[in-house]
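Observations on chain architecture
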Amino acid sequence: FPGLRIVGVESPPFRPLTPEEHQALVARIHEARPDLLFLAVSQPNGELWISQNLEELNIPVCVAIGGSLDFAAGRIRRAPRWMQRCGLETPFRILMEPRRLTPRYTRNALFLIRMIAQDSIAAIRQRCGRLFTRSRAPG
């Protein structure tokens, strides 16, 4: 892309930043004045970091790309095409990295189940509440 300027690359340590390190990182991002910020940090850490720092960053577009660079660089193998087409990439990834991905996907599945259950219970209560108020005889 002619005219594309990469104004900075950061690789912070694999640990929580100290408040001073965090402020220095945000200051370097401000000095670079990017129009796009791609944050290649594991999920949900990337989204959380952007959410917590979005106003302070004042960047038009911030995107959490997670491990996309690992796939693009060929560091992590993708599922075979037939598995991708059949929607089986997630089970393939779990088989490739069970220790890392099984707990994450289990937490995600449990969260989804909990949210569906809460919504279902709320809908039943709302429906039943209407039934009980309709069935009462006027006072």
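This write-up is about the structure you can find in this document.

What counts, and at which threshold
- Residues numbered from 1 in each chain as written.
- Predicted model: local features only at pLDDT ≥ 70, side-chain atom pairs only at ≥ 80, totals over all residues.
- Heavy atoms only, no water.
- Helix = DSSP H or I, 4+ residues; strand = E, 2+ residues; numbered from the N terminus.
- Expected span 1.5 Å × (residues − 1).
- Buried < 20%, exposed > 50% of the residue type's maximum accessible area, 1.4 Å probe, protein only.
- Arc of directions from axis to C-beta.
- Contact = heavy atoms within 4.5 Å.
- Axes fitted to C-alpha atoms, helices over the stretch in contact; angles between N-to-C directions.
- Parallel < 35°, antiparallel > 145°, perpendicular 65-115°, else oblique.
- Left-handed = near helix turned anticlockwise from the far one by under 90°.
- Nonpolar A, V, L, I, M, F, W, Y, C, P; charged D, E, K, R; others polar.
- Core = buried A, V, L, I, M, F, W, Y, C linked by side-chain atoms within 4.5 Å.
- Salt bridge = Lys/Arg side-chain N within 4 Å of Asp/Glu carboxyl O.
- Pairing = 2+ DSSP bridges.
- Right-handed = clockwise from strand over helix to strand, strands pointing away.

**Concerning helix α1 (residues 19-32)**
With 14 residues, α1 ought to run about 20 Å at 1.5 Å a step, and its terminal C-alpha atoms sit 20 Å apart, in line with that. Looking only at α1, the buried set comprises H22, L25, V26 and I29. Buried residues along α1 cover an arc of 95 degrees about the axis, so they all sit on one side. Along α1, the residues that are exposed and aim more than 90 degrees away from the buried face are E20 and E31. For α1, the elements touching its buried residues are α2 (45-57). At the exit of α1 stands R33, carrying a positive phi of roughly 50 degrees.

**Let's talk about the packing of α1 against α2**
The contact between α1 and α2 brings their axes to 11 Å, and the two run at 55 degrees. With respect to α2, the element α1 is oriented oblique. Both α1 and α2 take part in a crossing whose hand is right-handed. Contacts from H22, Q23, L25, V26, I29 and H30 in α1 reach W49, N53, E56 and L57 in α2. Its residues assigned to classes, the contact of α1 with α2 comprises five nonpolar, four polar and one charged.

**Regarding helix α5 (residues 89-96)**
Turn by turn, an α-helix covers 3.6 residues, leaving residues three or four places apart pointing in a common direction. Of all the residues in α5, the buried ones are E89, F92 and R93. One face of α5 carries all of its buried residues, which in axial projection span an arc of 100 degrees.

**Overview of the nonpolar core**
Core analysis: the largest hydrophobic core is formed by 10 residues, namely L25, V26, I29, L37, L39, W49, I50, L57, I59 and C62. Excluding residues within four positions of it along the chain, V26 makes contact with W49, N53, E56 and L57.

**Overview of the pattern of salt bridges**
Under the defined criterion, the tally for this structure stands at five salt bridges. Among the ionic pairs, R78 bridges to E89, the shortest N-O distance being 2.8 Å. Taken together, the residues R78 in the loop between α3 (68-72) and α4 (81-85) and E89 in helix α5 connect sequence positions 11 residues apart. Owing to a relative accessible area of 42%, R78 belongs among the partly exposed residues under this scheme. Under the relative-accessibility criterion, E89 is labelled buried at 18%. Of the charged contacts in the structure, one is a salt bridge between E97 and R100, with a shortest N-O distance of 2.8 Å. E97 sits in the partly exposed class, given a relative accessible area of 22%. Look at R100 and you get partly exposed, because its relative accessible area is 39%.

**Some remarks on the side chain of N53**
In this structure, N53 sits in helix α2. Beyond its immediate sequence surroundings of up to four residues, N53 is in contact with H22 and V26.

**A word on the pairing of strand β1 (residues 36-39)**
Burial along β1 is one-sided: L37 and L39 are buried, and none of L36 and F38, which face the opposite way, are. In the sheet, β1 pairs with strand β2 (residues 61-64) via four bridges, with the strands oriented parallel. In the sheet register, L39 faces β2, and the bridge partner there is A64. Tracing the backbone out of β1, into α2 and back to the parallel element β2 gives a crossover that is right-handed.

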